Amino acid sequence: MADQRDPERNRFSARLRRTAQVGGNLSGAGIAFAANRFFGGDESEERTARALASALGKTKGPLMKVAQILSTIPDLLPAEYAEELGQLQAQAPAMGWPFVKRRMRAELGPGWQDRFQTFGKEAAHAASLGQVHRATLPDGREVACKLQYPDMASAVESDVGQLKSLLGLFKRMDGSIDPDEIVEEVADRLREELDYERERKAMYLYREMLEPKDFVHVPEPVDDLSTDRLLTMEWVTGDPLTAWQDAPQEVRNGIAMRLFWTWWLPVTRYAVIHGDPHLGNYQVRDGGDGLNLLDFGCIRIFPPNFVGGVVDLYRAMRADDFDAAYAAYEKWGFKNLNKELVEILNIWAGFIYGPLLEDRVRTVADGVAPGEYGRKQAFEVRKKLKEKGPVTIPREFVFMDRAAVGLGAAYLRLGAELNYHQLFEESLEGFSEAAVAERQTNALSKAGLNE
């Protein structure tokens, strides 16, 4: 239960203000959606998508972040909507120094400035939910201070409610995929992103899980300068992945191999994923020999049997065993299944698992641009589901799907050529759901993330 003394708890009055702030924009998009559907025309989808993107672009805050997330789930939205929403920028105008002083005083007390040698007044980075300031501690360590914007808890609840209403229109008009569980999953992850204490613990979890891979570095949190709405951590530097696009093939392959282990090792050994693997959350260091992994607000902890389903479907696809694939989807929690729907889902599975199934050196998708990765297959799946569906996507699938596509786009950006099958088989050595469950329990306990 929220602390009633907390002025930034999820409050009805704050939700009401937020609803009024963004409601006009979204209602306009909803009217455009209904009108375009009614009057039709070859460009009706494009017009509606532009109206929705324009409305969301004006709202800032959580709703824009949710829209960005939804745009990266290829099998949820029609291509026109995904393309428009994908163009929304994560950058947001930073809050000024008066806000920074209020936030820091509220979190660390009136003498907060004495705990830093220097503190940058200008934000080094600003996004949908908060902003980052660069500072120096008295012992000379450089740190990043991540400050949450005010009233985010109320904004999240208000925006999620409006998003449900808007997607309800899509559900009635489109009918290929039931988005209800998807929206609930995105909402829960967004609520977790507001809990900086959880994110701090997730950083310790990742430092533990990735300890065997000394090429990846997870910033160290500064516990005594962190709270629920302030996260202070080691400042790390490195190059963006895009700076290495023209490096020699061997170097790019090495970076891609390290990306593989950074993402897949926690999945196959601990049933934990980094749910936001976009290019900005990786930095290349040490001349291409090392990586920094950033941003631990969207960390999804799965039941071990869900990852068991991932492995089961991989093995079913490799053996071309339809019945085993059907059972794997059921294990994941897909509903309303029948033979025709599983055949359609296998189109998408064949795409996602494709690089893992072929025992050869290859790109992740020949001749495909990073921004188009998965679009063709998603369009085909949506078209067939309109005829045979709908199908209810289990909520656990959402960020697994999104992350796999994001990782694939990073491989394409690098032009990497690897034997993904051999890498995946190596990650499965000694795999069992019982072993994953035991490792997960121990790691979560050590990080203080027992759920």
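Refer to the structure printed above.
Presented here is a report on the structure given in the accompanying data block. (Residues numbered from 1 in each chain as written. Predicted model: local features only at pLDDT ≥ 70, side-chain atom pairs only at ≥ 80, totals over all residues. Heavy atoms only, no water.)

## Looking at the overall build of the protein chain
Quick reminder of the rule: Under the DSSP-based scheme used, a helix requires at least four consecutive residues in state H or I and a strand at least two consecutive residues in state E, with every element numbered from the N terminus. Only protein chains enter the accessibility calculation, which uses a 1.4 Å probe; a residue whose area is less than 20% of its type maximum is buried, one above 50% is exposed, and one in between is partly exposed. Whether two residues touch is decided by their heavy atoms; if any such pair falls within 4.5 Å, the residues are in contact. Residue exposure ignores everything except the shown protein chains as possible cover, and the areas themselves are Shrake-Rupley values with a 1.4 Å probe.
Secondary structure summary: the protein chain contains 16 helices and 13 strands in total. Residues counted as buried form 55% of the 451 residues belonging to the protein chain. Partitioning the intrachain contacts of the protein chain with sequence separation of at least 6 by distance along the chain shows that 73% fall at a separation of at least 24. Of the accessible surface of the protein chain, which amounts to about 19600 Å², a share of 49% is contributed by carbon and sulfur atoms.

## Notes on the sheet that holds strand 8 (residues 239-240)
As a reminder of what qualifies: If DSSP finds at least two bridges between two strands, the strands pair.
Ordered in space as 6-11-10-8, the four strands form an open sheet in which the pairing is mixed. Edge positions in the sheet fall to strand 6 (216-217) and strand 8, since each of these pairs with one other strand and no more. Both strand 6 and strand 11 (residues 290-293) contribute to a ladder of two bridges, which runs parallel. Within strand 11, the position partnered with valine 216 by the bridge is leucine 291.

## Let's talk about the packing of helix 12 (residues 339-357) against helix 15 (residues 420-427)
Selection rule: Simply put, an axis is a line fit to the C-alpha atoms, just over the touching stretch for a helix, and the angle between two N-to-C directions goes from 0 to 180 degrees. The labels follow the angle: roughly parallel below 35 degrees, roughly antiparallel above 145, roughly perpendicular from 65 to 115, and oblique for the rest. Each residue receives one of three labels: charged for Asp, Glu, Lys and Arg, nonpolar for Ala, Val, Leu, Ile, Met, Phe, Trp, Tyr, Cys and Pro, and polar for the others, Gly being one of them.
Where helix 12 meets helix 15, the axes come as close as 6 Å, and the angle between the chain directions of the two elements is 90°. By the angle between their axes, helix 12 is roughly perpendicular relative to helix 15. Contact with helix 12, carried on its side by Pro355, Leu356 and Leu357, involves Tyr420, His421 and Phe424 of helix 15 and no other residues of that element. Looking at side-chain class alone, the contact of helix 12 with helix 15 contains five nonpolar, one polar and no charged residues.

## Focus: the environment of phenylalanine 302
Within the element layout of this structure, phenylalanine 302 appears in the loop between strand 12 (299-301) and helix 10 (304-319). Sequence-wise, phenylalanine 302 and tyrosine 270 are 32 residues apart; in three dimensions their C-alpha atoms are separated by 8.6 Å.

## Re the environment of valine 436
Topologically, valine 436 is positioned in helix 16 (residues 433-447). With a relative accessible area of 0%, valine 436 lands in the buried category. Separated by 128 residues in the primary sequence, valine 436 and glycine 308 place their C-alpha atoms 9.2 Å from one another. Once residues within four sequence positions are removed from consideration, valine 436 is found in contact with Thr268, Arg269, Tyr270, Ala271, Pro304 and Phe431.

## Quick look at helix 11 (residues 322-332)
Definition in use: Each C-beta atom gives one direction from the helix axis, and the arc is the one those directions make. For this analysis, a polar contact is any N or O atom pair within 3.5 Å, provided that within protein one partner can donate a hydrogen and the other can accept it, and provided that sequence-adjacent residues contribute only side-chain to side-chain pairs.
All buried positions along helix 11 are accounted for by Ala325, Ala328, Tyr329 and Trp332. Taken end-on, helix 11 shows its buried residues confined to a sector of 100°, consistent with a single buried face. Looking at the buried residues of helix 11, the elements they touch are helix 10, helix 12 and helix 14 (397-414). For helix 11, the N-terminal capping position is held by aspartate 321, with its side-chain oxygen 3.3 Å away from the main-chain nitrogen of aspartate 323.

## Looking at empty space enclosed by the protein
Going by this rule: A pocket, in this scheme, is an open set of points on a 1 Å grid over the protein atoms alone with protein on both sides within 12 Å along at least 5 of 7 lines, while a cavity is a set where a 1.4 Å probe fits but cannot get out; residues line either one if an atom lies within 4 Å of a point. Grid points are joined across faces, edges and corners, and a volume is the space filled by probe spheres set on the points.
Scanning all chains against the criterion turns up six cavities of 30 Å³ or more. Estimated volume of the largest cavity: approximately 360 Å³. In this structure, the largest cavity is lined by 27 residues; those nearest its centre are Trp264, Ile352, Tyr353, Leu356 and Ala404. Where the lining of the largest cavity is concerned, the elements lending two or more residues are helix 9 (249-270), helix 10, helix 11, helix 12 and helix 14. Here the residues of the lining of the largest cavity are counted per class, giving 24 nonpolar, one polar and two charged.

## A closer look at the side chain of asparagine 253
Relative to the helices and strands, asparagine 253 resides in helix 9. On the accessibility criterion, asparagine 253 (16% relative accessible area) is buried. Looking at asparagine 253, its side chain comes within polar contact range of the main-chain nitrogen of glutamate 417, at 2.8 Å. In contact with asparagine 253, other than residues within four places in its own chain, are Gly415, Ala416, Glu417 and Leu418.

## A word on a negative patch on the surface
Definition in use: Patches in this entry comprise residues that are over 30% relatively accessible and not in a salt bridge; like charges within 9 Å are linked, as are nonpolar side chains (Val, Leu, Ile, Met, Phe, Trp, Tyr) within 5 Å. The term salt bridge refers to a side-chain nitrogen of Lys or Arg lying within 4 Å of a carboxyl oxygen of Asp or Glu. Charged residues are defined narrowly, with Lys and Arg counted positive, Asp and Glu counted negative, and His plus the chain ends left uncounted. A single reference atom marks each charge: NZ on Lys, CZ on Arg, CG on Asp, CD on Glu.
Side chains of Asp359, Glu425, Glu426 and Glu429 sit close together on the surface and give a patch of like negative charge. With respect to the helices and strands, glutamate 425 occurs in helix 15. Taking relative accessible area as the criterion, glutamate 425 reaches 33% and is therefore assigned partly exposed.

## Examining the pairing of strand 3 (residues 130-136)
Taken residue by residue, a regular strand's side chains alternate between the two faces of the sheet. In terms of residue burial, strand 3 counts as a mostly covered element, since six of its seven residues are buried. Sheet topology places strand 1 (residues 118-119) next to strand 3; two bridges connect them, and they run antiparallel. Bridging across to strand 3, threonine 118 finds its partner in threonine 136. By the bridge criterion, two bridges tie strand 2 (residues 125-126) to strand 3 in an arrangement that is antiparallel. If you follow histidine 125 over to strand 3, its bridge partner there is valine 132. Taken together, strand 2 and the strand that follows it, strand 3, pair antiparallel across an intervening segment of three residues. Sheet analysis places strand 3 next to strand 4 (residues 142-148), joined by seven bridges and oriented antiparallel. Opposite histidine 133, over in strand 4, you have cysteine 145 as the bridge partner. With antiparallel pairing between neighbouring strands as the criterion, strand 3 and strand 4 make up a hairpin whose turn holds five residues, including glycine 140 at a positive phi of roughly 95°.

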